[in-house]
Amino acid sequence: RGQGKSLDGWEASQSGSADGVGDVSLLFNSDKDYKLTVVNDDLAEISGASFSGKAIATRDGFTGRIESRYELPGRGNQGALKWSIENAIGDYELSHATQTAEFAQTIAGGDASAKVTYENKGLGYEGAYSHPVRGGQAVVKVALKDGVVGYNATYAEKVNALADVLVGLDTDGAYGAVSASRKVMEGLNAEYEARA
């Protein structure tokens, strides 16, 4: 798409899927910027662990992400292990890559997870638990990074199928948000959002 009579200022895209490669998309424009993205959610399976990958190439360089997931064997829900490694665009030093290891399991009707992250040559830790409460969802997260403890507790609910309500408490204090959307007529929607 472009503007005016000039051929400058245009951009175009193309996407598709190829067997053995994955989903491929290409964005490019008149400034010679481009973004080639390849996503493969079924990269390989090794010893019960499934692997997926994502690669992005731009004029500034290349970034890649590899993720593996392993469902722990046994009866019932024994949990799952997930690991990933990803580099920033143009930075190919392995020690600079972000690595994440996570264990997730269903506990007492809710979803619990523990995550360790290596980023910027430092370790970070996070624990989270989410559980349905009434007609909504409560989520609690606690994190430790660079010696600083952070937390965030939220409750989200759709009230009378009319509005989405979110209330939360984190290290900066209490906050909340209300958003709603309603169809006025064909092709016209009214939206409302308030944050505090």
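Heads up: the structure comes first, above all this text.
Conventions used here
Residues numbered from 1 in each chain as written. Predicted model: local features only at pLDDT ≥ 70, side-chain atom pairs only at ≥ 80, totals over all residues. Heavy atoms only, no water. Pairing = 2+ DSSP bridges. Helix = DSSP H or I, 4+ residues; strand = E, 2+ residues; numbered from the N terminus. Salt bridge = Lys/Arg side-chain N within 4 Å of Asp/Glu carboxyl O. Buried < 20%, exposed > 50% of the residue type's maximum accessible area, 1.4 Å probe, protein only. Patch = residues over 30% accessible without salt bridge, like charges linked within 9 Å, V, L, I, M, F, W, Y side chains within 5 Å. Areas by Shrake-Rupley, 256 points an atom, 1.4 Å probe, with all protein chains shown as cover. Lys, Arg positive; Asp, Glu negative; His and termini not counted. Charge placed at Lys NZ, Arg CZ, Asp CG, Glu CD. Contact = heavy atoms within 4.5 Å.

**Q** Could you clarify how one ought to interpret the pairing of strand S12 (residues 163-170) in this entry?
**A** Each regular strand carries side chains that alternate between the two faces of the sheet. With eight bridges connecting them, strand S11 (residues 148-159) and S12 associate as antiparallel partners. Paired with Thr-154 across the strands is Gly-168, a residue of S12. Connecting S11 to the antiparallel partner S12 that follows it, the hairpin turn spans three residues, and Asn-160 within it adopts a positive phi of roughly 50°. Two successive antiparallel strands, S12 and strand S13 (residues 173-185), enclose a turn made up of two residues.

**Q** Would you mind going over the pattern of salt bridges with me for this structure?
**A** When charged atoms on two side chains of opposite charge get close, those side chains can pair. With the rule as written, the count across this model stands at 10 salt bridges. Taking the shortest distance from any N to any O, the salt bridge between Lys-183 and Glu-186 comes out at 3.1 Å. Classification of Lys-183 by relative accessible area gives exposed; the value is 54%. What you see here is one network of salt bridges that share partners, running through Arg-65, Glu-67 and Glu-86.

**Q** What am I meant to see in a negative patch on the surface here?
**A** Side chains of Asp-23, Asp-41, Asp-42 and Glu-45 sit close together on the surface and give a patch of like negative charge. Examining the composition of the negative patch, we find that three residues originate from one element, strand S3 (residues 34-46), more than from any other. Note that Glu-45 resides in strand S3.

**Q** Even after reading the chapter, I still don't get the environment of Ser-113, so can you show me in this structure?
**A** Residue position: Ser-113 is located in strand S8 (residues 110-119). Residues Ser-113 and Ser-181, spaced 68 residues apart in sequence, show a C-alpha to C-alpha distance of 33 Å.

**Q** Which parts of the structure should I look at to understand the side chain of Thr-154?
**A** Tracing the sequence through the fold places Thr-154 in strand S11. Among all residues touching Thr-154, those that are not within four sequence positions of it are Gln-137, Ala-138, Val-139, Leu-166, Val-167, Gly-168 and Tyr-175.

**Q** I tried to follow the pairing of strand S7 (residues 98-107) on my own but got confused; where do I start?
**A** Relative to S7, strand S6 (residues 80-86) runs antiparallel, the two sharing seven bridges. By the bridge assignment, Leu-81 is partnered in S7 with Phe-103. Summarising the sheet, S7 and S8 pair through nine bridges and their orientation is antiparallel. Across the sheet, residue Thr-100 finds its bridge partner in S8, namely Thr-117. In this structure, the hairpin formed by S7 and S8 is closed by a connection of two residues, where Ala-108 is found at a positive phi of approximately 50°.

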